[in-house]
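# Summary of the model geometry
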Amino acid sequence: MSTSTAALRPRPRRRRPAADAVFLAPLLIFFTVACAVAQPGPHPTRDEPDLLAAAARILTGHLVPTGHVVDPRAYLWHGPGLIALLAPFVALHVPLPVTRFLDPVLLGCAAVLFHRLLRLRLGRNAALGWTYAFGLYVPFLSVITEVHKEPLAILLVVAAMAALTRGLSGGGRLAFVAAGLALGALAMVRLEYGWVAIALLAIALLRWGSRRHDGAARRLTLIPAVAVLTCVPWLAYTYSLTGHALYWGSSSGESLYWMSPTLPGETGQWHSPGAIETDPALAPLRPPFVRLDRLDPVRRDLELRRQAAASVRARPALFARNLVANVGRLFWSVPMRPRRSLLRTGADVLFNSLLLAALAWATTALWRRRRDLPPETGAIAVFAAVAIAAHLPASASPRMLLPVVPALLWLIAQAGAAAARSGVRGEHEALDRDVRLDVVGA
């Protein structure tokens, strides 16, 4: 058996789960302490009021408020995934400071599962090292001090990757179904991933169409197909409320509006309704938003989409500038107004610059050694690329990158492993050549 072929086979199950748990326990402790120390206080902040209110409503069988809805953030703004997970905490009247510890637990579970995923392809020490690189990625800490969607989204991305790897390692069709269910659940947590699932399905169908006798291409198509099917009940529900097909949520209009050219000096950053009322730079937009707020949430959302499209058509160069600025916000949290804290911005700049530099190296390394890579490499790379691209046309924030980070780290880890295998193989070939020369000389 060749070195490259042996490297791609699943590693034997000689793990020691108890020992692994001991080695990974510091990460869970680290996440828990960070949540305990950096919580903003006992009162709901940011998305927490809307998420908790939706969780309370879902207990009565109503995700959206009954009667006339004024606040668009209370109407299909958030997907049902995290809301359903929060519902038992609301039903049991768990205090908010305690509920917030759900996030470090979810991120800790993601770290454990990421380690198990890496062990399918890497040695023990390499898997442990890359798991700590995952856990010590400091931007993760920005979403574990309050209730956020990202920790659950990160866990679902890792779960989908693990099921995909199992499926391509002889795990059977059920593993591909599990990967699709995880991807569909991800879309229910962060609704924009519904479009990612549709895009992945289109790519998979095109690939399958060009390789009709490729069993792997057929099985890979099952993942986004199951993901899209998982989303059908949600899309049926939104259609029953809005009358519009493929209506994922009511937040996209605002995100597209802010990304379109609006005011001089604005580069596509999303602004909350409170900022419009208090920020002098946004004062010219107050009258239009007062008129928009008189509309029901769906009409308001569609009108914002219409205005965004018209603004982009009228000033495409400014929209292109905003796209570039959006990349900066997604990776480095700049430009943003008001500026984030120096510590948080510095963490994003440092860690994401290192991530991008490593990814640039990994891209070259993976391409050079593409014949020796695990079969899931291409699918994970396509998912990462499509997920990042999906966040560029609408106003992005740094935390939207976080669910993609496990896929990027996995690619970098595989590039390192492939480079190491190539080095070992080169040493063996050189040794064999020297031995042959010695024999001939003798």
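Above this note sits the structure.
Rules used in this analysis
Residues numbered from 1 in each chain as written. Predicted model: local features only at pLDDT ≥ 70, side-chain atom pairs only at ≥ 80, totals over all residues. Heavy atoms only, no water. Helix = DSSP H or I, 4+ residues; strand = E, 2+ residues; numbered from the N terminus. Buried < 20%, exposed > 50% of the residue type's maximum accessible area, 1.4 Å probe, protein only. Contact = heavy atoms within 4.5 Å. Areas by Shrake-Rupley, 256 points an atom, 1.4 Å probe, with all protein chains shown as cover. Salt bridge = Lys/Arg side-chain N within 4 Å of Asp/Glu carboxyl O. Axes fitted to C-alpha atoms, helices over the stretch in contact; angles between N-to-C directions. Parallel < 35°, antiparallel > 145°, perpendicular 65-115°, else oblique. Left-handed = near helix turned anticlockwise from the far one by under 90°. Nonpolar A, V, L, I, M, F, W, Y, C, P; charged D, E, K, R; others polar. Expected span 1.5 Å × (residues − 1). Arc of directions from axis to C-beta. Polar contact = N/O pair within 3.5 Å; in protein donor to acceptor, adjacent residues only side chain to side chain. Phe/Tyr/Trp six-rings, centres within 6.5 Å; stacked < 30°, edge-to-face > 60°.

## A short note on the overall build of the protein chain
- The number of helices and strands found in the protein chain is 19 helices and zero strands.
- When each of the 442 residues of the protein chain is scored for burial, the buried share is 47%.
- Taking all contacts inside the protein chain whose residues are at least 6 apart in sequence as the whole, residues at least 24 apart take part in 77%.
- Looking at the protein chain as shown, the accessible area adds up to about 20,900 Å², and 67% of this sits on carbon and sulfur atoms.

## Here's the deal with the pattern of salt bridges
- Counted by the stated rule, this structure contains 16 salt bridges.
- Here Arg399 makes a salt bridge to Glu150, at a shortest N to O gap of 3.2 Å. Of this pair, Arg399 sits in the loop between helix H18 (377–390) and helix H19 (405–441) while Glu150 sits in helix H8 (residues 150–171), and the two are 249 residues apart along the sequence.
- According to the relative accessible area criterion, Glu150 is buried, its value standing at 0%.

## Observations concerning the packing of helix H10 (residues 193–210) against H18
- Across the interface, H10 lies against H18 with an axial gap of 10 Å and an inter-helix angle of 135 degrees. Taken as axis vectors, H10 and H18 run oblique relative to one another. Of the two possible hands of crossing, H10 and H18 adopt the one that is right-handed. Residue-level contacts link Tyr193, Val196, Ala199, Leu200 and Ile203 of H10 to Val382, Phe383, Val386, Ala387 and Ala390 of H18.
- A breakdown of the residues in the contact of H10 with H18 according to their chemical character gives 10 nonpolar, no polar and no charged.

## Notes on H10
- Spanning 18 residues, H10 covers 26 Å between terminal C-alpha atoms, matching the ideal 26 Å at 1.5 Å per step.
- The set of residues buried in H10 consists of Tyr193, Gly194, Val196, Ala197, Leu200, Leu201 and Ala204. Angular distribution of buried residues about the axis of H10 spans 145 degrees; they occupy a single face of the element. Exposed side chains of H10 directed beyond 90 degrees from the buried face belong to Leu206 and Ser210.
- Contact partners of the buried residues in H10: helix H9 (173–189), helix H11 (215–242) and H18.

## Section: the side chain of Arg73
- As for its placement among the helices and strands, Arg73 is situated in the loop between helix H3 (48–58) and helix H4 (80–91).
- Take Arg73: its relative accessible area is 17%, and that puts it in the buried class.
- Among the polar contacts listed, one links the side chain of Arg73 to the side chain of Asp47, at a separation of 2.6 Å.
- At a separation of 3.0 Å, a polar atom in the side chain of Arg73 contacts the side chain of Asp50.

## Notes on the packing of H3 against H4
- Relative to each other, H3 and H4 sit at 75 degrees, their axes nearing to 8 Å. The angle between H3 and H4 falls in the class roughly perpendicular. Of H4, the residues touching H3 (which contributes Leu51, Leu52, Ala54, Ala55, Ala56 and Ile58) are Leu82, Ile83, Leu86, Ala87 and Val90.
- Across the contact of H3 with H4, the residue classes tally to 11 nonpolar, no polar and no charged.

## Topic: the packing of aromatic side chains
- Counted by the stated rule, this structure contains 12 aromatic pairs.
- Aromatic pair Tyr137 and Phe140: ring centres 4.9 Å apart, planes at 70 degrees, arrangement edge-to-face. Residue Tyr137 shares its accessibility class with Phe140, and that shared class is buried.
- Taking the centre distance of 5.8 Å and the plane angle of 40 degrees together, the rings of Trp234 and Tyr237 count as tilted. Of the two residues, Trp234 and Tyr237 are both situated in helix H11; the distance of three residues between them amounts to about one turn of the helix.
- The exposure class of Trp234 is buried, given its relative accessible area of 6%.
- Assessed through its relative accessible area of 27%, Tyr237 is described here as partly exposed.

## Some thoughts on the environment of Gly268
- Topologically, Gly268 is positioned in the loop between helix H12 (252–259) and helix H13 (273–278).
- Under the relative-accessibility criterion, Gly268 is labelled buried at 0%.
- Put simply, Gly268 and Ser255 are 13 residues apart on the chain and 8.6 Å apart in space, counted from C-alpha to C-alpha.
- Setting aside its immediate chain neighbours within four residues, Gly268 contacts Trp258, Met259, Asn322, Arg329 and Ser395.

## Looking at helix H7 (residues 124–135)
- For H7, which comprises 12 residues, the first-to-last C-alpha distance of 16 Å matches the rise-based estimate of 16 Å (1.5 Å per residue) to within 8%.
- Three or more residues of H7 are buried, namely Ala127, Leu128, Thr131, Phe134 and Gly135. All buried residues of H7 project into a common sector of 115 degrees when viewed along the axis, lining one side.

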